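Geometric and topological summary
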Amino acid sequence: MLSATLKDIREALPSAERAAFTEAVENAGAEDLLELLATWAERTRPDLIADKEAAFRRIAEGDFTGTVSEDEVAVLFNPGGRR
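Residues numbered from 1 in each chain as written. Predicted model: local features only at pLDDT ≥ 70, side-chain atom pairs only at ≥ 80, totals over all residues. Heavy atoms only, no water.

**Observations regarding the packing of aromatic side chains**
Centre-to-centre distance and the angle between the planes together describe a pair of aromatic rings. Inclusion rule: When two rings of Phe, Tyr or Trp (its six-membered ring) have centres within 6.5 Å they constitute a pair, described as stacked for plane angles under 30 degrees, edge-to-face for angles over 60, and tilted for the intermediate range. What counts as a helix is a DSSP run of H or I of at least four residues, what counts as a strand is a run of E of at least two, and both are numbered from the N terminus. Exposure categories follow from relative accessible area, calculated using a 1.4 Å probe and restricted to protein chains: below 20% of the type maximum is buried, above 50% is exposed, and the middle band is partly exposed.
Enumeration according to the criterion identifies one aromatic pair in this entry. Ring geometry for Phe 21 versus Trp 40: centroids 5.4 Å apart, planes at 65 degrees, classification edge-to-face. Placement of the pair is Phe 21 in helix α2 (residues 15–27) and Trp 40 in helix α3 (residues 33–43), with a sequence separation of 19 residues. Owing to a relative accessible area of 0%, Phe 21 belongs among the buried residues under this scheme.

**So, the environment of Leu 33**
This is how the line gets drawn: When checking whether two residues touch, look at their non-hydrogen atoms; a contact exists if any pair is within 4.5 Å.
Here Leu 33 is to be found in helix α3. Residue Leu 33 is classed as partly exposed on the basis of its relative accessible area, which comes to 30%. Residues contacting Leu 33, with those up to four places away along its chain left out, are Val 25 and Ala 28.

**Notes on the confidence of the model for the chain**
Low pLDDT marks regions whose predicted coordinates should not be analysed in detail. To keep it simple, the criterion reads: A residue's pLDDT is the predictor's confidence in that residue, given on a scale from 0 to 100.
The pLDDT averaged across the chain works out to 90; a share of 96% of its residues lies at or above 70. Summarising per-element confidence for the chain, the mean pLDDT is lowest in helix α5 (residues 70–77) (84) and highest in α2 (96).

**Thoughts on the packing of α2 against α3**
In helix packing, the relevant descriptors are the interaxial angle and the interaxial distance, both defined with respect to the helix axes. The test is simple: Helix axes are fitted only over the stretch in contact, all axes being lines through C-alpha atoms; the angle between N-to-C directions runs from 0 to 180 degrees. For classification purposes, an angle smaller than 35 degrees is called roughly parallel, one larger than 145 roughly antiparallel, one from 65 to 115 roughly perpendicular, and anything else oblique.
Between α2 and α3, whose axes approach to 11 Å, the crossing angle comes to 170 degrees. With respect to α3, the axis of α2 lies roughly antiparallel. Across the interface between the two elements, Glu 17, Ala 20, Phe 21, Ala 24 and Val 25 from α2 touch Leu 33, Leu 36, Leu 37, Trp 40 and Arg 43 from α3.

**So, the nonpolar core**
As a reminder, the rule being used: What we call a nonpolar core is a set of buried Ala, Val, Leu, Ile, Met, Phe, Trp, Tyr and Cys residues that are connected through their side-chain atoms within 4.5 Å.
Counting residues in each nonpolar core, the largest one holds eight residues, listed as Ile 9, Leu 13, Phe 21, Val 25, Leu 36, Leu 37, Trp 40 and Ala 41. Of all elements in the fold, only α2 and α3 reach the threshold of two or more residues within this core. The element best represented in this core is α3, accounting for four residues. Ignoring any residue separated from it by four or fewer positions in sequence, one finds Ala 41 in contact with Leu 2, Ser 3 and Ile 9.

**With respect to a nonpolar patch on the surface**
What counts is decided by this rule: Exposure above 30% relative accessible area and the lack of any salt bridge qualify a residue for a patch; like charges then connect within 9 Å, and the nonpolar side chains Val, Leu, Ile, Met, Phe, Trp and Tyr within 5 Å. Here, Shrake-Rupley sampling with a 1.4 Å probe gives the accessible areas, and only protein chains in the shown set may cover a residue. The working definition used for a salt bridge is a side-chain nitrogen of Lys or Arg within 4 Å of a carboxyl oxygen of Asp or Glu.
Where nonpolar side chains cluster on the molecular surface, the patch consists of Val 68, Val 73, Leu 76 and Phe 77 and spans about 430 Å² of accessible area. Its place among the elements puts Leu 76 in helix α5. Taking the relative accessible area as the measure of exposure, Leu 76 reaches 60% and is therefore exposed.

**Details of the side chain of Thr 44**
Put simply, the rule is: Distance and chemistry together define a polar contact, namely a pair of N or O atoms within 3.5 Å, with one atom able to donate a hydrogen and the other to accept it when in protein, and with adjacent residues in sequence counting only for side-chain atoms on both sides.
By the secondary structure assignment, Thr 44 is in the loop between α3 and α4 (46–60). Engagement of the side chain of Thr 44 in a polar contact is seen with the backbone oxygen of Ala 41, the distance being 2.5 Å.

Printed below as a string of structure tokens:
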């Protein structure tokens, strides 16, 4: 699970990164805040970053095991077929 609050993210970061996190958050525009926080939260979990990078490498090599196509997503989120 990713850290979910500003405090949790700050505490989970290595101490050398905490000042940069605080500065980034304090200077972010409201429209950029969610993406910024997600990026910093992810940095608290190197294992998740490694998993994501491995999945991207696998897909780049043509292995789409475990992925969902755009058409399948449409069916999952719109099972009645209404658009």
